[in-house]
Amino acid sequence: MENNLCYENLSIFGIRHLSPAASYHLEKFLEEKKPKCVLIEGPEDGNYILDFLKNKSIKLPIAILAYTAEIPVNTILYPFAEYSPEYVAIRWAQNNKKEVRFIDLPSNKSLYLHGKKQREEQEDILKNEEKQNYYKFQSDIHENLAIKSLEEDYETYWERTFEHNLSKDSFQRLMEIQSSNMREITGSLEEKALPVSFVYNHLREIYMKSQIEKAIADGYSQDEIVVICGAYHILGLRSNIPSMTLDEFNSIPSLNTKLTLMPYSNYRLSSHSGYGAGNLAPSYFSMMYENMKKGKISENSYEYLSLMGKFMRENGNIASTANVIESVRLAEALASLHGGSMPSLKDLHDAAVACMGHGELSEVAEGFARLDIGTKIGYLPEGVSQTPLQDDMARELKRLKLDKFKTPVLNELDLDLRENRRVKTKEAAFLDLERSTFFFRLKLLNINFVNKIPLKQDGATWAERWNLRWTPEVEIELVEANLKGETIEVAASYALKEKLEESNDVLSSAKYIRNAYECKLLESLNDALTSMQKMAIDSGSFVQIAFSAYELYVLIKYGDIRQIDTKCLKPLLKQLFLRASLLLVDSANCADSQVKDHVEAINFMCEISKEQFELIDDNIWVNSLKEISKRDDRNSKLSGLAFSILIERREITEEECANEISRRLSSAVPAEIASGWFEGLSIRNKYALLSRVYLWEEIDKYILSLDDESFYRSVVFLRRAFSEFDPSLKNSLAELLGDIWGINSLDASEMIQEELSEEEENILSDINDFDFGDLL
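Below is a short write-up of the structure. (Residues numbered from 1 in each chain as written. Predicted model: local features only at pLDDT ≥ 70, side-chain atom pairs only at ≥ 80, totals over all residues. Heavy atoms only, no water.)

**Overview of the overall build of the chain**
Of regular secondary structure, the chain possesses 35 helices and ten strands. Counting across all 776 residues of the chain, residues that qualify as buried make up 51%. A separation threshold of at least 6 residues defines the contact pool for the chain, and within that pool the share at least 24 residues apart is 75%. Split by element, the accessible area of the chain, about 37400 Å² in all, is 48% carbon and sulfur. (Helix = DSSP H or I, 4+ residues; strand = E, 2+ residues; numbered from the N terminus. Buried < 20%, exposed > 50% of the residue type's maximum accessible area, 1.4 Å probe, protein only. Contact = heavy atoms within 4.5 Å. Areas by Shrake-Rupley, 256 points an atom, 1.4 Å probe, with all protein chains shown as cover.)

The structure is reproduced here in structure tokens:
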């Protein structure tokens, strides 16, 4: 068909996304023009979603989310706020029973092109001179516009020039002139620096032209149509370049995509979140738009600064009515100095800092965050163009009484997994346990609505603590998880199965078994246990098997709390404990860099031995500890640790203990080895060590036997060991040493804790500066 789209009788209204003034003028324009067909820049395959926006229960902000239907999921978002021109146009058309359509490229084409555009933009700018020049040139234009208007930044220039402009004729004309001039100035540079972005915009524009032509072919004349698009695209739509043909459309590669509506938040609308089309202050501009509609735009500064004063008073700060009045006067004076009709956001900030913050930004910064951005988050009623998983999430939040936590404000929730016997129903009795199961399923799906806070026992007992925060990213994560299943339970089960199939060592299998119990997803447990048993036989890692045994031990110990049967885990725990016991002696011949993991593994094994002595073979474990405690060819720290455990268990007589300490702390033993053995000895129950005077007598003899060089070499290791002693232990040690030295405990305590002399400080400094790398 002949291209007549350059004719003047086709109304194209250029906008800036999330502009309250654009929304205000657009609504006036539509009322005056009364078009029969409204065409809007938006994904053409999302037209069916427009009907969902009629639902009066929807609370903005919301967004249309386009996403790929295969993993990894790629997305494009089309956000709407109350003051979004596109949303205002949609609601106007629906309220007036007029045709409304999206006319931009459908998501299957856009996501393909958008992905290429993102990769182009993410390339290293420093290695691409043309790209660097383009971004700088664009930035310089914005900066010069601000400077020539005597403003400090482009956003303030924009607000004063456009958002405060309520002139019926000048707003649209100025918007089109500035956007078109900007495009003409930067177009050739963009084509060279960002060819993919340039082509992407071109393809979008010729596709939008084809959709305009389709509307005309459907019987709407040009003067019955209003096209609403970003002001950048006006030149492209008014050009004589032909619209996209069907062959050209089909030649663009496609992805398998879907669309859904999702709640959004004011923070994500803001440019602070990294959203390129956002603005600095969504909550502030929402307030401005409401005042525009009421015809009270001049009251915007009064409302903003009054709310600031209220916020400060509610948070314990002093902000009197007089302070607020002075702030308003100062803001209006600042606006007048810049030739403005009303204060800009920057004027309001400056006035609030001066009159309410006493010149300190820190006193009003939190208030700015609340009033500029806000904590508002959108809401979609159940069944409104959401994926099945999003609907299930909403049902679960309601069932578990978690709706109030669907907020961007961080909340902390303590759970008690024990049965609540004071309530009447089973569901209420185990509400916190059900919540815990639900939270673990979300974590398994990488849905970051919840994050577990470690407690003293890492949540293994009946108590758990979680952080909860809802963000738009959670919605995107739900969409990604929807590809695994249509409910949280089904998707989590699929995710667990994937992880179990990918596990290639005994520890990862043990962790996934623990996940299965925490999530109450026990269908594939038999396969997981069989796989783990085989891996345990093949594995030669003491640390991995000990950690794995501990994972099962935790489940067995606290299984009753989670209402799960753990009998099938006991034979495997017994096998893992035996395997780890047999591997300990060989594994103890390790470097100091591996000691930390070995210490943790040994402590885990000791806990299992203590709590599950009827199940496991404790004799083999004790014999392995005895073996490494007396071996000189094992890591000295681990030998010391094993000896300490044997002392705790009363497996060593006092005479044997004194002999071994004397042997280990002999002057013939290198200082770093002897001190390392003592460090291992002191890792565990220090009170048990303090109760054995003969041990400290041997240590005292050892220290006195060292020559200066050996002493200096031992100091580094001994200091590290004694740094783990808390003040009460140090006082007890002082009393003990006082008895050994024949002085009273107070004198010994003063001697131990007195400040070092200058000479001693210098010696210690020299020791600290010495390179002990070869010794560690």
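Next comes the rest of the write-up.
**Some remarks on the sheet that holds strand E7 (residues 257–263)**
Taken in spatial order, the three strands make up an open sheet running E4-E3-E7, and their pairing is antiparallel. Both edges of this open sheet fall to strand E4 (75–80) and E7, since each of them pairs with a single strand only. Across the sheet, the mean angle separating the axes of adjacent strands is 20° when strand polarity is ignored. The pairing of strand E3 (residues 62–68) with E7 spans seven bridges and is antiparallel. (Pairing = 2+ DSSP bridges. Axes fitted to C-alpha atoms, helices over the stretch in contact; angles between N-to-C directions.)

**Some thoughts on the pattern of salt bridges**
By the definition in use, this model includes 43 salt bridges. Its salt-bridge partner being Glu155, residue Arg16 comes within 3.2 Å of it at the nearest N-O pair. Taken together, the residues Arg16 in the loop between strand E1 (11–15) and helix H1 (20–33) and Glu155 in helix H5 (residues 154–163) connect sequence positions 139 residues apart. Relative accessible area serves as the criterion here: at 26%, Glu155 is assigned to the partly exposed category. Linking Arg418 and Asp416 is a salt bridge whose minimum nitrogen-to-oxygen distance equals 2.9 Å. Among the residues examined, Arg418 registers a relative accessible area of 41% and is labelled partly exposed. Classification of Asp416 as partly exposed rests on a relative accessible area of 28%. (Salt bridge = Lys/Arg side-chain N within 4 Å of Asp/Glu carboxyl O.)

**Section: the environment of Arg435**
With respect to the element layout, Arg435 can be found in helix H18 (residues 431–444). Measuring from C-alpha to C-alpha, the distance between Arg435 and Glu396 comes to 9.2 Å, with 39 residues separating the pair along the chain. If we skip the residues at most four places from it in the chain, Arg435 touches Leu400, Lys401, Leu402, Leu413 and Leu415. There is a polar contact of 3.2 Å between the side chain of Arg435 and the backbone oxygen of Lys401. (Polar contact = N/O pair within 3.5 Å; in protein donor to acceptor, adjacent residues only side chain to side chain.)

**Points about the nonpolar core**
Where a protein is soluble and globular, its nonpolar side chains tend to be buried together. With 107 residues, the main nonpolar core has Phe449, Ile513 and Phe542 as its most contacted residues. By residue number, the principal contributor to this core is helix H23 (residues 542–558), which donates 13 residues. With residues up to four places along the chain from it excluded, the contact list for Phe542 reads Ala580, Leu583, Leu584, Ser587, His598, Ala601, Ile602, Met605 and Trp621. Counting residues in each nonpolar core, the second largest holds 105 residues, with Ala22, Met244, Tyr289 and Tyr304 among its members. (Core = buried A, V, L, I, M, F, W, Y, C linked by side-chain atoms within 4.5 Å.)

**Re the packing of aromatic side chains**
Counted under the stated rule, the structure contains 19 aromatic pairs. On the numbers, 5.7 Å between centres and 85° between planes, the contact of Tyr284 with Tyr304 is edge-to-face. Residue Tyr284 is found in helix H11 (residues 282–294), and its partner Tyr304 is found in helix H12 (residues 300–314); the two are separated by 20 residues along the sequence. Judged by its relative accessible area of 0%, Tyr304 is buried. Linked through ring pairs, Phe438, Phe439, Phe440 and Trp466 together constitute an aromatic cluster. Note that Arg16 overlies the ring of Trp158, its terminal NZ or CZ placed 4.3 Å from the centroid. Cation over ring: Lys109 sits above Phe249, and NZ or CZ is 4.8 Å from the ring centre. (Phe/Tyr/Trp six-rings, centres within 6.5 Å; stacked < 30°, edge-to-face > 60°. Lys NZ or Arg CZ within 6 Å of the ring centre and 35° of its normal.)

**Here we look at helix H24 (residues 570–587)**
Relative to the 26 Å expected for 18 residues at 1.5 Å per residue, H24 spans 25 Å between its end C-alpha atoms, a close match to the ideal helical length. When we look at burial in H24, the residues that qualify are Leu572, Leu573, Leu576, Phe577, Ala580, Ser581, Leu583, Leu584, Val585 and Ser587. Check the buried side of H24 and you find it contacts helix H21 (506–518), helix H22 (525–538), H23, helix H25 (595–611) and helix H26 (618–630). (Expected span 1.5 Å × (residues − 1).)

**Description of the packing of helix H6 (residues 170–193) against helix H7 (residues 195–217)**
How two helices sit against one another is set out by the angle between their axes and by the gap between those axes. Packing of H6 against H7 brings their axes to within 6 Å, and their N-to-C directions diverge by 120°. With respect to H7, the element H6 is oriented oblique. Within the contact between the two elements, H6 uses Arg183, Gly187, Glu190, Glu191, Lys192 and Ala193 and H7 uses Pro195, Ser197, Phe198, Asn201 and Glu205. When the residues that make up the contact of H6 with H7 are grouped by side-chain class, the tally is three nonpolar, three polar and five charged. (Parallel < 35°, antiparallel > 145°, perpendicular 65-115°, else oblique. Nonpolar A, V, L, I, M, F, W, Y, C, P; charged D, E, K, R; others polar.)

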